Amino acid sequence: IYTSNCWYLNSSDWMNYVVAQDLLMLGGGVGMSVEHRFTSKLPRVKSGVEIIHKATKDADLIVPDSREGWCELTRRVLESFFQTGKGFTYSTVCLRGYGEPIKGFGGSASGPMPVIKFVETLCALFLSRQGHHIRPIDAADIITATGQMVVAGNVRRSAIIILGDPWDKEYLKAKRWDLGVIPGHRSNANYSVVGDDIDDFHPLFWRTFEAGEAFGIVNRTNIRKYGRMGELKKDTAEGVNPCAEATLEPFEPCNLQEIALPNLTDEAEFVRAACLMHRYGKRVTLERYHHEEIEEVVHRN
């Protein structure tokens, strides 16, 4: 039985990437829209920012050996490039070495290299766009690079779906492996476009079925018309979870629950399992969430 296991966010606020990393590190999946309508709201990238890794104990930030610590490092990197324009040094001397056991979450530690590589990837991306707004493809690369870091050397998964515009030529070439060198971290996500009229789709969309990897279609008009039946209020769902069974508002989780039918012996056991699953799902859904935005939308809906 699973519940509250995948989420939807958009790229209108750079802090959403920190939330996405936190949810991925907790084992959840994330849907992220990088449509121009959202990405264009981000500030211009600051120029001259320098973020340096130091293998010492006198850095500006000693990264704590925790999920919160890794997220704080990401927050500071994004804050530097989007807000303050001031660089900093960071140290990973407190992070467990590769292969050491993780007692709370299970599995073994990946060591500091994935987080160091992640910061280097972010810095290279932002330095290439300094003085300019990031593009939707850049916004997508931030979340897929995050996914690459999260899954490195551990038991965590990284389920991600990216939603973009059907006319964005750069976005539509995100997985065109045939066109040259493509960042490997893009393999951590499925890619789709948001549209309700195929006449609006650029020809490159249809090329994804012939070369590279096929893109999906998310019809937001139909989401809001048919996604949640019988509700008394207008449906304001905006996106989907990574498997796209659930239509969600920003920060809203899906509440997927499933019964493994081959494990059941008869109808009575099925009814019993369904009742227990429903009670458990409601109980978890009504728990308190550690992000205020998630707490608000879950209890509102």
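One can find the structure itself at the top, above this paragraph.
K.L.:
Explanation requested: the sheet that holds strand β2 (residues 29–33) in the structure shown.
P.N.:
To summarise the sheet geometry, strands pair through backbone hydrogen bonds and adopt either a parallel or an antiparallel arrangement. Taken in spatial order, the five strands line up as β1-β2-β6-β7-β8 in an open sheet, and their pairing is parallel. Of all the strands in the sheet, the pair left with one neighbour each is β1 (6–10) and β8 (216–218). The sheet shows a mean angle of 25 degrees between the axes of neighbouring strands, direction not considered. Looking at chain direction, β1 and β2 are connected through five bridges and run parallel. Within β2, the residue paired with cysteine 6 across the bridge is glycine 29.

K.L.:
For this particular structure, what's the right way to read a nonpolar patch on the surface?
P.N.:
Together, Ile198, Trp206, Phe209 and Ile217 make up a nonpolar patch on the protein surface, roughly 420 Å² of accessible area in all. Mapped onto the fold, isoleucine 217 is located in strand β8.

K.L.:
Sorry if this is basic, but what is going on with the packing of helix α1 (residues 15–25) against helix α3 (residues 67–84) here?
P.N.:
In a pair of packed helices, the angle between the axes and the distance between the axes together describe the arrangement. One way to put it is that α1 packs onto α3 with a least axis distance of 9 Å and a crossing angle of 160 degrees. Of the possible angle classes, the one that applies to α1 and α3 is roughly antiparallel. When the axes of α1 and α3 are compared, the crossing they make is right-handed. Residue-level inspection shows Met15, Tyr17, Val18, Gln21, Asp22 and Met25 of α1 in contact with α3, the latter providing Arg67, Trp70, Cys71, Thr74, Arg75 and Leu78. Within the contact of α1 with α3, the residues separate by chemical class into seven nonpolar, two polar and three charged.

K.L.:
Help me out: how do you make sense of the pairing of strand β6 (residues 160–164) in this one?
P.N.:
Regular strands place their side chains on alternate faces of the sheet. Among the five residues of β6, five are classified as buried, and the element is accordingly described as predominantly covered. Burial along β6 is two-sided: Ile160, Ile162 and Gly164 and Ile161 and Leu163, pointing in opposite directions, are all buried. Where β2 lies against β6, four bridges are found, and the strand directions are parallel. Looking at β6, one finds that glycine 31 is bridged to isoleucine 161.

K.L.:
Would you explain the sheet that holds strand β3 (residues 51–53) in this entry?
P.N.:
A sheet is described by the order of its strands in space; here three strands give the open sequence β3-β5-β4, paired in parallel fashion. What marks the edges here is a single partner per strand, and that holds for β3 and β4 (61–62). Across two bridges, the pairing between β4 and strand β5 (residues 88–91) is parallel. Bridged to leucine 61 within β5 is tyrosine 90. Against the sheet, α3 touches β3, β4 and β5, its axis set at about 165 degrees to β5.

The rules behind these values
- Residues numbered from 1 in each chain as written.
- Predicted model: local features only at pLDDT ≥ 70, side-chain atom pairs only at ≥ 80, totals over all residues.
- Heavy atoms only, no water.
- Pairing = 2+ DSSP bridges.
- Helix = DSSP H or I, 4+ residues; strand = E, 2+ residues; numbered from the N terminus.
- Axes fitted to C-alpha atoms, helices over the stretch in contact; angles between N-to-C directions.
- Patch = residues over 30% accessible without salt bridge, like charges linked within 9 Å, V, L, I, M, F, W, Y side chains within 5 Å.
- Areas by Shrake-Rupley, 256 points an atom, 1.4 Å probe, with all protein chains shown as cover.
- Salt bridge = Lys/Arg side-chain N within 4 Å of Asp/Glu carboxyl O.
- Parallel < 35°, antiparallel > 145°, perpendicular 65-115°, else oblique.
- Left-handed = near helix turned anticlockwise from the far one by under 90°.
- Contact = heavy atoms within 4.5 Å.
- Nonpolar A, V, L, I, M, F, W, Y, C, P; charged D, E, K, R; others polar.
- Buried < 20%, exposed > 50% of the residue type's maximum accessible area, 1.4 Å probe, protein only.

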